[in-house]
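# Structural overview
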Amino acid sequence: MEWGFTISRPRAVDLDKNDMGYSKRLLREHPELQTCIACGNCTATCTAGTLVKFNVRKLQTLVRRGEYQGVRAELDKCMLCGKCRLVCPRGINIRQLVQTLKKELAGQ
């Protein structure tokens, strides 16, 4: 019988299986990331986000979970304009964070 919808698989994150080494090192380098309140201002004002599918907040979440697959390709979409830094209520230098991530994840 067809009901017109399907049941999607749950997206559970198993942090024990993910490599959290780089994520912990990143938080030591940029401790201000722990003050992020996930307000979405960075994503809302992103110039690249209006042109291509790009979400700064999602990238930060993936990196903090230790899920690095595909992050490097997403980082290349960033135009490094700095608007995200200007609107961040916590004053997080997101532009510097993106540059650090690009440098560190260059091999992936």
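With an unreviewed UniProt entry as reference, the chain is termed 4Fe-4S dicluster domain-containing protein, source organism Alistipes ihumii AP11.

## Here's the deal with unusual backbone geometry
For Ala 38, which is not a glycine, the phi torsion comes out positive at approximately 55°. Inspection of the secondary structure assignment puts Ala 38 in the loop between α1 (21-29) and α2 (41-45). Taking relative accessible area as the criterion, Ala 38 reaches 42% and is therefore assigned partly exposed. One non-glycine residue, Leu 80, lies in positive phi territory at about 55°. Here Leu 80 shows up in the loop between α5 (71-75) and α6 (83-87). A residue is classified by how much of its surface remains accessible, and Leu 80, at 24% relative accessible area, is partly exposed.

## Here we look at α1
For α1, the complete set of buried residues consists of Tyr 22, Ser 23, Leu 26 and Leu 27. Looking down the long axis of α1, one finds its buried residues gathered within 140° of arc, a one-sided arrangement. Every exposed residue of α1 that faces more than 90 degrees away from the buried side is listed here: Lys 24 and Arg 28. Buried residues belonging to α1 abut α4 (56-65) and α7 (94-104).

## Observations regarding the pattern of salt bridges
Where charged atoms from two side chains of opposite charge approach closely, those side chains can pair. Taken as a whole, this structure holds four salt bridges when the rule is applied. Among the salt bridges present, the one from Arg 72 reaches Asp 76, with a minimum N-O distance of 3.2 Å. We classify Asp 76 as partly exposed; its relative accessible area is 46%. Of the charged contacts in the structure, one is a salt bridge between Glu 74 and Lys 77, with a shortest N-O distance of 2.9 Å. On the basis of relative accessibility, which here comes to 30%, the residue Lys 77 falls in the partly exposed class.

## Let's talk about the environment of Ile 94
With respect to the helices and strands, the residue Ile 94 is situated in helix α7. Residues Ile 94 and Arg 57 lie 37 residues apart in sequence; the distance between their C-alpha atoms is 9.9 Å. Setting aside residues no more than four positions away along its own chain, Ile 94 makes contact with Cys 42, Val 56, Cys 84 and Arg 85.

## Some remarks on the packing of aromatic side chains
Applying the stated rule across the entire model yields one aromatic pair. With centroids separated by 5.8 Å and ring planes inclined at 75°, the aromatic side chains of Tyr 22 and Tyr 68 adopt a geometry described as edge-to-face. Of this pair, Tyr 22 sits in helix α1 while Tyr 68 is found in the loop between α4 and α5, placing the two residues 46 residues apart along the sequence. Each member of the pair, Tyr 22 as well as Tyr 68, is classed as buried.

Conventions adopted
- Residues numbered from 1 in each chain as written.
- Predicted model: local features only at pLDDT ≥ 70, side-chain atom pairs only at ≥ 80, totals over all residues.
- Heavy atoms only, no water.
- Helix = DSSP H or I, 4+ residues; strand = E, 2+ residues; numbered from the N terminus.
- Buried < 20%, exposed > 50% of the residue type's maximum accessible area, 1.4 Å probe, protein only.
- Arc of directions from axis to C-beta.
- Contact = heavy atoms within 4.5 Å.
- Salt bridge = Lys/Arg side-chain N within 4 Å of Asp/Glu carboxyl O.
- Phe/Tyr/Trp six-rings, centres within 6.5 Å; stacked < 30°, edge-to-face > 60°.

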